[in-house]
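Here's the letter readout for the chains.
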Amino acid sequence: MKRLKVAVIGAGFAGLIFSNYLLKANIDVDLYEEHSKVGIPEHCTGIVSSLTSKLIGEASKNNIIKKYTKLKIMAFNDSVEVFTKDDVIKLDRVKLENDLLNQFINNGGKAFLKSKVKEINNNKILNKSYDAIIISDGVNGFLHKKYGLGFSGRTVYGINQEFCFYDNENSFEVKFDNKTSNNFFSWYVPLKDKVIIGTGAENPEMLMNAQKHAIKYFNLKSNPCHTYGGLIISGIKKANIRNGKIIAIGDSIGLTKPLTGGGLFPNSLAAYLSYNLIKKEYNLIESIESSINFTLNILKKTNNLSIILHKNPMIVKEIIEISKKSNLIESMNRKIDYDFHNNLIENSLKDKNTYKFLLMFTSYYPISLFKLGIGLLRDLV
């Protein structure tokens, strides 16, 4: 039986994880990348749950920089510490993508670096015919747009700066307010021999000022030793993922978590699901398309709720306050997966302290509860 052949355009994380899973499903894969190296330009913090690390596989295990057991959430002058179900993991994103590329090549995949694909003619690239063509050219890529693919939604401008400062804490921090970020949040990630301070801003003109406030808040007084960043996708309204035998993945279709903008979990999940369907001999293109749609539907369940939290940091403060007073945080500790955000909502609704939380929230902050309820309903409908 003739083996199916797929072209993947773009060797960022999404392109690499799909290429490896397709190869594992006995598909012949040609990977095209316009740059001479992978992992550049660097833009992602690289924090994932243990589940996502397992989905990525051996390459993830070999690139763990640090593990965390808890997350500190701050809003203005209030805060709460949340213990996660499993370790949260900081990965070396640049080395991870290089290892995924080497894994792909060692397992028989063909990689064509310094090969920019400008056009697809009748499912052909450079006169090579393919059974499916996957485009992973990023949020600013031109190729997916050329074939009517992409997403409509919200983007935020993000920056990360690394400081050569010792901090070996086993928790990282996120802060919601109106100074250290703009309609998003800021973050502090200790890596033992250095720390990362970053922020997001919906208005690009406010990004650097927000970062200055974040650096001041987290009390870093030295100059950064490394700076990088890029666009963060924070919630999508609509995604067009397929045109005939052409399918888009990754940032080009908004395959990211609405609350944090991270893309490692959703792309790993969609690639893993595709692999399982293909191994069961379902149609190649339909397997990939249905896996992406399934993942997008999971992400959409927290779309509106995430935007409300980003744009209303005072509501985050109120949630922290009532969560502590109702003991909801204590009962939810070690039940929270860092990446599976909709699972957090489902688990909290089953918790006995949720009803106490809702009664107290209704009494203290009825308008905020109404806003959250509207967002949640929009996500569920």
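Here the structure is a predicted model, which is why all the values come from computation and not from measurement.

Turning to the packing of aromatic side chains, a few remarks are in order. Counted under the stated rule, the structure contains 15 aromatic pairs. With 5.7 Å between their ring centres and 45 degrees between their planes, Tyr21 and Tyr275 make a pair best called tilted. Of this pair, Tyr21 sits in helix 1 (residues 13-24) while Tyr275 is found in helix 7 (residues 264-279), placing the two residues 254 residues apart along the sequence. For Tyr21, a relative accessible area of 9% puts it in the buried group. The buried category is assigned to Tyr275, whose relative accessible area is 16%. Measuring from ring centre to ring centre gives 6.1 Å for Tyr364 and Tyr365, while their planes differ by 50 degrees; the resulting arrangement is tilted. Classification of Tyr365 as partly exposed rests on a relative accessible area of 22%. Through successive ring pairs, a cluster of aromatic residues spans Phe176, Phe184, Phe185 and Trp187. Between the NZ or CZ atom of Lys175 and the centre of the ring of Tyr217, over which it lies, the distance is 4.3 Å.

For the bond from Ile40 to Pro41, the omega torsion is -10 degrees, close enough to zero to count as cis. Relative to the helices and strands, Pro41 is located in the loop between strand 2 (28-32) and strand 3 (47-49). With a phi angle near 70 degrees, Asn26 is a residue other than glycine that sits in the positive phi range. Relative to the elements of secondary structure, Asn26 occurs in the loop between helix 1 and strand 2. Residue classification places Asn26 among the partly exposed positions, given a relative accessible area of 43%. Look at Leu126: it is not a glycine, yet its phi comes out positive at around 50 degrees. With respect to the helices and strands, the residue Leu126 is situated in the loop between strand 7 (124-125) and strand 8 (128-129).

Parameters and conventions
Residues numbered from 1 in each chain as written. Predicted model: local features only at pLDDT ≥ 70, side-chain atom pairs only at ≥ 80, totals over all residues. Heavy atoms only, no water. Phe/Tyr/Trp six-rings, centres within 6.5 Å; stacked < 30°, edge-to-face > 60°. Helix = DSSP H or I, 4+ residues; strand = E, 2+ residues; numbered from the N terminus. Buried < 20%, exposed > 50% of the residue type's maximum accessible area, 1.4 Å probe, protein only. Lys NZ or Arg CZ within 6 Å of the ring centre and 35° of its normal.

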